Structure formats: structure tokens, C-alpha cells
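Secondary and tertiary structure notes
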4 protein chains.
Amino acid sequence: MISAVVMAGPGQPLELREFPRPELEPGAVLLKTLGSEVCGTDTHLWQGQLAGVPYPIIPGHVSVGEIAAVGPGAVARDVSGRPVEPGQVVTFLDVYGTCGRCWFCTVGQATTRCPERRVYGVTLSARDGLLGGWAEYIELRPGVHLLPLPEGLDWRAFLATGCGMPTALHAATLAEIQFGDTVVVQGSGPVGLCATVLAQLRGAGKVIVIGGPSARLAAASAFGADVVIDIAETTADERRQAVHDLTGGRGADVTIEATGVPAAVREGMRLTRDAGRYVVVGQYTNVGDARFNPHLDLNQKHLDIRGCWGSDVGHLYRSIQVLTRYGTQFPWTTLISGEYSLHDAQTALEDVAAQRVVKALIVPGR
Amino acid sequence: MISAVVMAGPGQPLELREFPRPELEPGAVLLKTLGSEVCGTDTHLWQGQLAGVPYPIIPGHVSVGEIAAVGPGAVARDVSGRPVEPGQVVTFLDVYGTCGRCWFCTVGQATTRCPERRVYGVTLSARDGLLGGWAEYIELRPGVHLLPLPEGLDWRAFLATGCGMPTALHAATLAEIQFGDTVVVQGSGPVGLCATVLAQLRGAGKVIVIGGPSARLAAASAFGADVVIDIAETTADERRQAVHDLTGGRGADVTIEATGVPAAVREGMRLTRDAGRYVVVGQYTNVGDARFNPHLDLNQKHLDIRGCWGSDVGHLYRSIQVLTRYGTQFPWTTLISGEYSLHDAQTALEDVAAQRVVKALIVPGR
Amino acid sequence: MISAVVMAGPGQPLELREFPRPELEPGAVLLKTLGSEVCGTDTHLWQGQLAGVPYPIIPGHVSVGEIAAVGPGAVARDVSGRPVEPGQVVTFLDVYGTCGRCWFCTVGQATTRCPERRVYGVTLSARDGLLGGWAEYIELRPGVHLLPLPEGLDWRAFLATGCGMPTALHAATLAEIQFGDTVVVQGSGPVGLCATVLAQLRGAGKVIVIGGPSARLAAASAFGADVVIDIAETTADERRQAVHDLTGGRGADVTIEATGVPAAVREGMRLTRDAGRYVVVGQYTNVGDARFNPHLDLNQKHLDIRGCWGSDVGHLYRSIQVLTRYGTQFPWTTLISGEYSLHDAQTALEDVAAQRVVKALIVPGR
Amino acid sequence: MISAVVMAGPGQPLELREFPRPELEPGAVLLKTLGSEVCGTDTHLWQGQLAGVPYPIIPGHVSVGEIAAVGPGAVARDVSGRPVEPGQVVTFLDVYGTCGRCWFCTVGQATTRCPERRVYGVTLSARDGLLGGWAEYIELRPGVHLLPLPEGLDWRAFLATGCGMPTALHAATLAEIQFGDTVVVQGSGPVGLCATVLAQLRGAGKVIVIGGPSARLAAASAFGADVVIDIAETTADERRQAVHDLTGGRGADVTIEATGVPAAVREGMRLTRDAGRYVVVGQYTNVGDARFNPHLDLNQKHLDIRGCWGSDVGHLYRSIQVLTRYGTQFPWTTLISGEYSLHDAQTALEDVAAQRVVKALIVPGR
């Protein structure tokens, strides 16, 4: 039997349950979990802030494991077309089932809006199997996108940024940062910290991080932020003045929002210079409306605003390349504040919800 | 002496004043006015809704005239580098003085944000000369961008769309309409009508115009709108349902806002499909805040929103090409509801303010 | 039994063969062929100019038919997600089997380079079934992308441009034509003629077509070309001079190559202005090298050159929208020079090879 | 009197001549030269490989100096709009006179193709003044774009990359490198080395430099190249195989050419993957034709090729930001192989022509 953490419903204590070892279809893969991240989304799931979640679920969307078994017949292949084999250490795209045939997948070229899309650990139910990462083993259905971790990329280094990296990479791509740009990052959680790194890997001239608490701002500085501003110690006006002063009075060339707070959106518009670009990636749950002035904040400002939802295989693949290539420059594993066994998943969740940690991992073998 | 209409200040009746014939510097040009448009901006100027206007002014920013005289010495040249000559019929970019040297002109590549920029008929004062189009003659300073009207483009056809065409062309360029896209245009004034035409000249599959009053919607239909929706006869929910039904439930691929009403912005976000594009060009004056939901309307929707301010030489040059090439297909002059002499400028202004006309022209020679 | 035209190998006379009615898998569709185009590719296939063709094949890649039967169980759906039904008139993307999982499909976002990709009528063998359009019935395997023809789009109008429209639409998209641009189209076959139309549906200011023979140039004029230049009656220098004179000495803003002749590529570079854009879509077969001067023709010219290969579902979907919406403006069916029964397929092929026709159709029911 | 190096004509020995101190116009600036680069262009000038050079000239296009005097009246301002003052250390854009009014400056938005454009040290004559950097003082005419060096950027660090950095930055911008891309750089001169750095500042996953001689390849490695390939020790086939092996058989995502050798262009096309991007920046002089296969190398490959000519203010401004921000990571000054006095300019030129040095500086105060 296989142990897995089950979230039976919003607000209910996590439980450890036993599952039978799954029968593998052709093309399926069974993964022995090395680690799985705990992220803000897991706290949203627990607080019931996401719609359409088929509780009970096994949480854990970004995970790494060793291939324990492959299904009979058709060989599973990785994204580069190479057959995978037992013993390999791989990760996989949590997004499963993107159809490749619907209007959004084909004409719209916006696969993150495919209606068939399901997410391991989020919108796949524990009733249907080991479909989340907080478990001894994970069942990867045929068609799940597999990506081996390259030599030189430790699985902990990969999980240290978790889904923050592909999410931030998607946002940073939409941000079209130019060499020498001043980039403001709103928020200093995993997405904000990854955006801080990625801005430097676009040649930003200056990176300003606005967030908190102080441990996260210290991480931002360690990862190269030129300036950090603590939201607990400043007013919105003071922050605007600070960015104004740091940019010769123009404002940021590019701002990336990763806060989850509606009021941050108007502030972000105003931190950005005329004809600048603003990417909003942090408004992942519905916690209310925001106000803005269409004339001043958008039209006269000639502002370009881009909402950013989800990520796809390319974002994950590119994240792995970046994590591997720039691992010396950026010590990813220092972002891991704590590792928790399956039994301690509840504690992990609460530590993340309270922002007591930057990144927490579930490590079943612990 | 030269007669010109003067707007001495907000709310004050327009007056006809006499000006001496200007001495021309080298590179300057004196234009005998054939016609000058009356546009919504002129009503904003009269209502005092624009900041930084150096009253008294001579209104009239988009104008056409015949070259009456050129300054001594250095020859004025048109945008294509050809010397201009007395007798030629030309228009000119109302935006004057863009420096070509500041940060926005060079590094930022956003010339519409150049701080040196002044606008004929708007931010140049009557104290400094004949710097607006509602006059018998217009003084074009050295460096004003001159564009001859090509053979085959009647000056009335050019003025029929006025500044609406370059403004809409700027917006339609930012809209990145793809072949076959469904485009919603919010607003049926000159900018909205031009956007309706330009959407077709990007190969849109369907163009839906939401606006009013009915005379303008009739014009939209005449200019190729596939569907028109009258805002006076529908609720926002009904309009959203209509667009939903016309797009297989997805919403518009692209929406262009040209209304000036803050509440239209949230509606426009919701009329646009996931991963679609929304260009906001109509919020030209500050008439208050708007609300929206950052999660639903922006982030989850993966929406791309672009504020669009002003236009530059390229937009005007390209407008002229389009007006000339597609003049058979689109009968521009039918947009002109009335022509007014200099003496009747006050009436023209009031007719435009009341939306009694689509496009009004001041024709000094009348 | 079902009759189909078979091309047994390069240079061999086409034969009519009988096939059994296929058993349909779940998700498959049987189409009663209304018509199928004959295009330049078919003549390349017959001349053995394409590599990797699994002769014998049933030619015919772009086709329209009426749904005669659908497979059991899983319902086939069209690109917009609606179930299809017997009696519907549909076309389908000839490209079949694009995997949606390989590096090119996911990370590279270049589905036309997917190695799993096969093409009806080109790289699918008659040994495997009714997998080409020159047949009474066509077997559409599960996963083939289905697109119903909208009301208002006659199937002949759709086939009149054939694969020329999605190919040209792909090229015209890469061309990023701006409003008012001067566009040179090299070649006046179906792709060139469609590019001529599409340039106008991007608001081109002038469209110059260089090609031949005269019947095709007459079609170009009928479809809106502003200037046509016959290659049989001009030298390359004369053509360059003509384009020079038509563009104020600058050259074309955008040039689209659709000739298949290697020497046309250097000529096209030189017809294009400095900092212009050149899309090469016509070099579909390998007929030798070309020369150019990297300093003059590329680097100093600041030229942007884009090779364009194949097309995907989006291009076909958008073609259908364009053909439907602008059918009044462009009389597509006039491009059809001749319709041929299955028995006359050999004649059709030879007429196309000799450029005696603009577009030929195979119409089995004839 | 002021000493300056004069190149009287192609092949003639450089001479030191005396010039009177210039009278400054309003807006002009006199710069006391700290250093000026010697670059490949200077050797081309000496070999008579550039057209339209108004010999005699004072070579030296990228230079740094201290402001010695400013003209009367109108204050010269830097690119950010701040007035400049005697004592400031500044550089300036060598490109002077871009008109901001012609078709290319306005409609075409390709300022590097402006016909009014002149270049200090290249297309401005010594007959007209101290218009090149190999001189004790440089006369900056009104309108020259001034950029102060920020605190933290030593003038030697700035000159170590010279015009290589803005040129490479222009090329790297056109290259649209994505996170994790494999980038091949052809050429290991200053432009190639800067491209090697900039690829990393776009988050490239792997940077492969193909060039020579070995000292330059050692510099490439020191500046972060993951793999270097010596052209003197490999055949084109071996290089292609090497890139093939390093990219899972696909080829480079992006290739940047910086060699000046026509045959490199076809090789570069073939080193790039299907649907990849190829930027050609090194073909600065006309040294003959090249061959390629339009079907295999362009069309079927779906290749995107971009010629890159010159650079503008934005490229220089952004170069300075990058040089300042990433100076700790990349030790720019190590690229300087030698500093030469005005008297030794001939030796400097010959050392550069023979590729005996990576970067040579003329330092008048030496």
C-alpha cells in the first residue's frame, strides 16, 4: 500500500490515507516521490478559495521523483522525444490533459485556457488515483509531459523555486524586459523572488522589490535585488516617491505584480512609467474589486497591462534550463526554509499560510 | 489682416479676431486654409476639461490648406523629403516640436510622451500666432511635418475622418487584429467609425459596434459593421450576452474602446475573450474612476490591455495611404454632416457637443 | 466499392482504383467528397520532387465533403467543440497527426515542424486507406481537425483558393504588413493571388504583383492588384526600376515570394526597402542554390527575412472566416478555371503543370 | 593648439596634426579626451573598404572625455534631460545628425537608415573640425547625444567593449532570445564577445562561441561561453556536428553572426534549428557574394533571418546600464589588451588589423 496526504475538503485537517499500487496503462509512469512543493495555492485550496476543486484531493502540483515503473507496451517519452527509463529522476508538468484540439489550443494559441486542462494536486481527485505529489508515489497518466532533471540540477534546487519559477518565467516573458530596464517586482513570495532573478537574466539595469516580511526581503537582496522596500514600513505614496527617485522621475519601465492583493494593481500602474509595461500574475484568487482611473492610469499613460494565467510545458522546460545554467550565480536551495514528512504536511501548510517560510517541501522519504 | 476664430477661455463665446500676416522664418510655411475639423477635443477645450491649455487659442488641429508662401532660405520638405511649393494642397501633423532628443523620443521610443510636444489648436496659444486651423491662414513653423494629399484624395475626404483616423489607426495597430478575428468597437463617434473600417482592413471576420445615437450606428452599418448594438436600448448584460452569442460563447478576440465613459472599460474587459486584447483609446479626459476585478477581469482572463495615447507622423502618413487606397470602398465624405464658415464656429461646436452631427468642418472660404 | 484516383509513383499515369468502404473507429468520420483541389504540389508529387512520399498515394489535400457517417462511440467534434453530424458540409486540415507533445509542438511552438505530422494526399499512403481527396469518399481518422463551412460560404468558393489561402495567410501573418505599406507579391499562382487579396485585408497602400502568364496577371488585377508586372516582358533590372519608381525610390515595405524559383529570392531582397520585411513561402521544392550579397542585401539593408513552411489549424480556420466575410468583395469562384471528374484527373494534373489554369478542381460527383 | 591623429586616405600612414581650439556654438561641447577605442571599422577605413568616407578624417568613433567647455547660451543636456557641466565624464553617440524628420526617422522608424546620419570618426571630415576621438579634444556639435558615465562605471570599463556593446545589444535585441535558449555566436571579436555576455543576460541556457584565435576564445570562456569552437581547428561539417550534438540534434535556437566572412552566413543558417532565428550583424563591408539553398536553408527550415545595421541612442544608453550593473560579474577591463598614445596610433591600428589584441584604446593623456 502507498501512503498519501489527503485534503478531504476546505478547512478539514489533512489525513494520511493508504492507496493500492496502481495498474499502469500503456504510456503511464509510476514515480517514487523525492519531493513535492508546498505553495500558496495549497493554502488557497485549504481555505476553499478556488472554484471547481474535486475534493478529496492529494495536494502537491510541482514534484520530482524517480521513475519506479513504466506502463506496458507504448514507451513513455520525455519532452525531447527520448524514451524514459526506471531510475531516472524526472519532474512533470502538473497541467494534464490539455487537448491540443480545441479552439484555444489551436486557433487561439492559448493552451492555458483549454477547457480540458486538469492540474495534478489541484483539479484531479484522490478518488481517481495518486494524482498529487504529497504521496509516496505519483501516478503519471499517459500523455503527462515528462522532463528529466539534467545532470547538475539537484532535485532540491529545482523544488526550491517550485511552481514559482515557471509562473514567473511566463510573467517575465510577457513583460518583454529590455536591456537596462528598471524593473519593479511587487511581492516577495516565490513568484516575486523568481521574477527578481529573471529580471536580471533579461539584463535589467535595476531591480526594485516591494514586499515583506523582512526574511523574504533579505532573500530578495541575496538574489540580487538592487533595492528592497518593506510594505509594512512604507505608505503607497512613499513607495511611489521612492520608485520615482530611483528612476529619474519616470517610474519603472516594467512592473511585475505578484502579491494577490487587489489594491496592489492600481499602485503598480502608478509605479510604472508612461508607455511602460505592467504584468499582473499574482491575482490568482478572487478577493474583491479594485479601482483605477482609466484616463490617468491607462489611456494618457499609454500603459500596456498584461494578465498572466498559468504556465505550459515551454515555461517549465525553460525554467529547468535556467535553474541548471545559473545555479552557481543563484543559490536556489537557500530558499528552502523547511522539509516536512508526509506526517507533517499539516504543519507545512500552516507555516506557508503564515508566511513563516519562503519555500517548504514535502519529502516523503524523510 | 487675417481672420481667425479665438477661444478666449473655457465657456466663453468664440470670437472672430484679426491677425497680421506673419513673417515667415526659413523653413516655415503659410497655409491658406481649405478646411479644418471640429472634433470632440474642441468641445473638451471649450468645457475646460483639458489641463495646461494656454488660452486664448485658435482651435482646429487637423486641417488642410494650400501653400500660400514659404519662408526664405531653407526649403521646407514633406515627410518623404520632397521640397514643397506654393499651390500644393497639404495637411500637417498637429503635433509640433517633438524634440527627437529626450529620453522618451530616443530610449523610450514613445514620442507621444515627449515633454516638448505641442499641439496646433490645443496647446499653442493664439498669443504666439496663427497656430490653429479655424483661421483663414495657418502658420506652420519650421519643423512641422508636412504631408501633401495624393492625387485621388479630395481634401474633404481626408477631413471627413479628421483626427479620428490616425487615432484609430494607432489603436488598431496596437490591437494586433488577426485575420478572421471578431472585433468589438465600443463607441460610434469618429474614432469608433474609423476603427470599424480599419478592423475590416485587417481582415476581421466580424465587426460589432456598440454605440449610439442611431444616426451614428447607421453610419457604422454603412461602413461595414456586421452588427450594431444601441447602448440606449440595451443593458450591459444584454450587450454581453449578444457578444457571447455572436462569438460561440468566447467573447471578442479584440475590443477597441472609443467612448470616453469610465464604466465602459470594465464592460469592455468582459466583452473580450480569455487571452484576448483590449485597447483603450477613448478615455481622453479625466471623468472619474472605474472598478474592475483583478482576478476575474485580468489575471484569470489572461487579458492584454493597452492604453493608447496620441498619434505620430507615421499614423498620419498611413492614414492618408488608407484613405486614398480604399476611398472607393468607403465613401468617407458621407461622414460630413455639415460645413460651417468661420462665423458659424460656435454653432459647429455646439452641434458636435450635442452629437447632432458625425463630423463637422470649418471651411473659411465658405 | 469506392473509386479513387491513385498515383502509383512519379511519372506513372494516374489510375482509378476501387477501395472497400472503411470500418470507422470511434471519432473517425467518412466524408462524401464534393470537391478536391489540384495544386502545384500535386504536380511536384507526380514529378517526384518531394522526398519521403509513400507511393502509391491518393492525391488531393484540400477537400470538402458531406459527412456520410461517423464512427461509433466517441463523437467527433469540430474545431469550435461542437459535435459534427451526418449531412454537414465540412473541410478538414490536411495535416494529420501533429502530436502536441514533442519539443516542436510544445517548447518550440512550431507545430509545422512536428516530426509526427502527416499530410492527407501527400505523405499518407493509399495502402492505408482513403487518405486523399481525389476519391468518392475520404476517411478522416480520429483527431483530424474538422471545420464546417459557414452558411454563406459555398464549397466551390472555398476550394477556389484551395491550400493557397491558408499558405498565403501564414505568409501574410509573418509579413506583419502595416496600414498603408507597399507590398510586392512575387508570383501569381494561387498563393500569390491570395497574398494579393490578403495584403488588401491588411490595409496595404499599394499592391504590386510580379508574375505571369497574362491570364494570372489579369486575375491579379481583378482581385485588386494596383500594378502587375509580367516577368516574361521585363528584365530583373526593369522590375527593380519599376518598384523603385512606384515607391519614391525606397523599395517595397514588404515583399512576399511565391514563385518556386531560387533566383527570385535575391531579386526579392533587392525589391524590398531598407529595414523592410521579406517572406519566402514559394521555395517548396529543392531546385538549386541561389546567390546573394550578405553585406548589401542583408546587413546594410537591415533586412528581415522569414521563411514560411506549412500551415496549421489556425491558418485554415482564419482562411474560412476571411473567405466568408469578404466573398462579396472578392469573387473567389472566378479563380476556378475547370472542374474535372475522377476519370479526368490526369488531364487536370497536366493543365495545372502547364499553368493553363489558375485553379482546377476534382469533382467526383461530376 | 590641439593634437589629433589624421588618416589622410586609405593606406596612407597616420599623421599627427595640430588644430586650433574650436569656437563653440550654443549647445556645443568641447571634450578633453580620456580614451577612444580602436576597432575593426578603423582598419576597414584604413584599407579603404567603406564607401563615402570624406578623407582626411580623425578616426575614433566611441570615446569618453571630460567636459572642458560648453558653448554659450543654450545649455547642452544629456539624454535624460539634465544639463551637463564642465568636469563631467561623458560619452556620446557617434552617430550625429539623424534628422528626426525624414521618412525613415518617422514613418519607417528605422533611424539607422536616415540619410542625414553622419558618424564621428567615420563620415565626418577632419576638414570640418575635431570630429573624431583620436585627438586631445573632441568637438561635439549641438545635438550630439550626450551620456554621462554613471558612478561605478570606470571609463576604461566602458571603452573595453567599445562600439561592440551597442552593436551586439542591437543584434541581441533583434535575436529575441528566450529563457533557456541555446545561442551560437559566430565570431569572437568585440561584437561576438559582447553577444556572448548579452546572451547570458537574456537567460540563455547554453552559449556556444565559434571563432578564433585562441586568445579571443579564452576571453569568450572567461566571459561565460559554455563551449568554444576554434575555426582554425575544425571544418564546417565538424562545427555543424558539434552544434548538432550539443542541442539534441535540433541546432541552435538562435545564432548571431559577427564574423565579416560571407561564407559564414550559409554556415550560420545551417547551425540554426528549424523555426529558429538568425541575426547577421558582422557583414559590415562588401567582400563578396555567398550561396545558400532557398528551399533547405530558408523555406523548409522556417528560418527567421534579420540583418542588423548600426545602433542608436537607446542601444548606447542600454549598454551603459548593462556595463554598470553587471560589471562585477563580467570584468570588462580585462578585454583591453593595450593602450596607445596618439603617437602610437599606427601601431594600434596594425595590432587590431592583425587580431593581435582584443581591444586597443587610444589614450591621449598617456
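One structure accompanies this document, and this report is about it. Predicted, not measured: the structure shown is a model, and the values here were computed from it.

Conventions adopted
Residues numbered from 1 in each chain as written. Chains lettered and ligands numbered in written order. Predicted model: local features only at pLDDT ≥ 70, side-chain atom pairs only at ≥ 80, totals over all residues. Heavy atoms only, no water. Buried < 20%, exposed > 50% of the residue type's maximum accessible area, 1.4 Å probe, protein only. Helix = DSSP H or I, 4+ residues; strand = E, 2+ residues; numbered from the N terminus. Arc of directions from axis to C-beta. Contact = heavy atoms within 4.5 Å. Pairing = 2+ DSSP bridges. Axes fitted to C-alpha atoms, helices over the stretch in contact; angles between N-to-C directions. Buried area = accessible area lost by both parts, 1.4 Å probe. Salt bridge = Lys/Arg side-chain N within 4 Å of Asp/Glu carboxyl O. Polar contact = N/O pair within 3.5 Å; in protein donor to acceptor, adjacent residues only side chain to side chain. Nonpolar A, V, L, I, M, F, W, Y, C, P; charged D, E, K, R; others polar. Least-squares fit on C-alpha atoms with pLDDT ≥ 70 in both.

**Remarks on helix H5 (residues 214-222) of chain D**
All names here are of chain D. Considered for burial, the residues of H5 that qualify are Arg216, Leu217, Ala219 and Ala220. Projected down its long axis, H5 shows its buried positions confined to an angular sector of 155°, all on one face. In H5, the exposed positions that point more than 90 degrees away from the buried face belong to Ser214, Ala215 and Ala222. Where H5 is buried, its residues meet helix H4 (190-200), strand S11 (206-211) and strand S12 (227-230).

**Re the sheet that holds strand S11 (residues 206-211) of chain A**
Taken in spatial order, the 12 strands line up as S12(A)-S11(A)-S10(A)-S13(A)-S14(A)-S16(A)-S16(B)-S14(B)-S13(B)-S10(B)-S11(B)-S12(B) in an open sheet, and their pairing is mixed. Single-partner strands in this sheet number two, and they are strand S12 (227-230) of chain A together with strand S12 (227-230) of chain B. Sheet twist, expressed as the average angle between the axes of neighbouring strands with direction ignored, equals 15°. Against the sheet, helix H3 (residues 164-174) of chain A touches strand S13 (252-257), strand S14 (272-280) and strand S16 (304-307) of chain A, its axis set at about 155° to S14(A). In this fold helix H7 (residues 263-271) of chain A packs onto strand S10 (182-186), S11, S13, S14 and S16 of chain A, with an angle of close to 145° to the strand it touches most, S14(A).

**What to know about the environment of A:Gly276**
All names here are of chain A. Residue placement: Gly276 occurs in strand S14. Sequence spacing of Gly276 and Lys301 is 25 residues, and the spatial spacing of their C-alpha atoms is 8.2 Å. With residues near it in sequence (within four places) discarded, Gly276 still touches Asp253, His302, Leu303 and Asp304.

**Some details on the interface of chain C and chain D**
Taken together, the 44 residues of chain C in the interface contact 44 residues of chain D. It is C:Asp289, C:Asn299 and C:His302 that lose the most area in chain C upon contact with chain D, and together they represent 16% of the buried surface on that side. Counting the contacts that link chain C with chain D gives 8 salt bridges. Note that D:Arg266 and C:Asp289 form a salt bridge whose closest N and O atoms lie 3.2 Å from each other. At the boundary of chain C with chain D, the tally comes to 26 residue pairs in polar contact (both at pLDDT 80 or more). At the level of elements, helix H3 (164-174), helix H7 (263-271), strand S14 (272-280), strand S15 (290-292), helix H8 (294-299) and strand S16 (304-307) of chain C are the ones that each hand at least two residues to the side of chain C that touches chain D. Per-element tally for the side of chain C that touches chain D: the top contributor is H8(C), with 5 residues. Counted by class, the side of chain C that touches chain D contains 20 nonpolar, 14 polar and 10 charged residues. Sheet analysis places S16(C) next to strand S16 (residues 304-307) of chain D, joined by 3 bridges and oriented antiparallel. Bridging across to S16(D), C:Ile305 finds its partner in D:Ile305.

**Thoughts on unusual backbone geometry**
Residue B:Pro56 is reached from B:Tyr55 by a cis peptide bond, and omega for that bond is 0°. Checked against the element boundaries, B:Pro56 lands in the loop between helix H1 (40-46) and strand S4 (63-70). Cis rather than trans, the peptide bond between B:Gly212 and B:Pro213 has omega equal to -5°. Its identity is not glycine, yet C:Gln109 carries a phi of approximately 45°, on the positive side. Here C:Glu176, not a glycine, exhibits a phi torsion of approximately 45°, which is positive.

**Some words on the environment of C:Ile210**
Residue and element names in this part refer to chain C. Residue position: Ile210 is located in strand S11 (residues 206-211). In this structure Ile210 comes out as buried when scored by relative accessible area, which is 5%. Along the chain, Ile210 and Ala232 lie 22 residues apart, while their C-alpha atoms are 10.0 Å from each other. Apart from residues lying up to four places away in sequence, Ile210 is in contact with Val184, Val185, Gln186, Gly187, Ser188, Ile229, Ile231, Arg239, Val243 and Leu271.

**Thoughts on the sheet that holds S11(D)**
What the 12 strands build is an open sheet, ordered S12(C)-S11(C)-S10(C)-S13(C)-S14(C)-S16(C)-S16(D)-S14(D)-S13(D)-S10(D)-S11(D)-S12(D); its pairing is mixed. Two strands in the sheet have a free side with no partner beyond their single neighbour: strand S12 (227-230) of chain C together with S12 of chain D. Taking each pair of neighbouring strands and ignoring which way they run, the sheet shows an average axis angle of 15°. Where strand S10 (residues 182-186) of chain C meets S11(C), 5 bridges bridge the pair, whose relative direction is parallel. What sits directly across from C:Val183, in S11(C), is C:Val207. The sheet contacts of helix H6 (residues 236-246) of chain C involve S10, S11, S12 and strand S13 (252-257) of chain C, and relative to S11(C) the element is tilted by about 175°.

**Digging into the side chain of C:Ser319**
All names here are of chain C. Tracing the sequence through the fold places Ser319 in helix H9 (residues 313-325). Looking at Ser319, its side chain comes within polar contact range of the main-chain oxygen of His315, at 2.7 Å. If we ignore the near neighbours within four places in the chain, the residues touching Ser319 are Met165, Pro166 and Leu169.

**Topic: the relation of the copies chain B and chain A**
Superposition of the two copies of the chain requires a rotation about an axis and a shift along the axis. When chain B is fitted to chain A, the residual RMSD is 0.0 Å, and the transformation amounts to a turn of 180° plus an axial shift of 0.0 Å. This pairing of chains is accounted for by a two-fold axis.

**Overview of the relation of the copies chain C and chain D**
For the pair chain C and chain D, the best superposition has an RMSD of 0.0 Å and corresponds to a rotation of 180° with a translation of 0.0 Å parallel to the axis. Both copies share a contact surface, since 100% of the interface residues of chain C are interface residues in chain D too.

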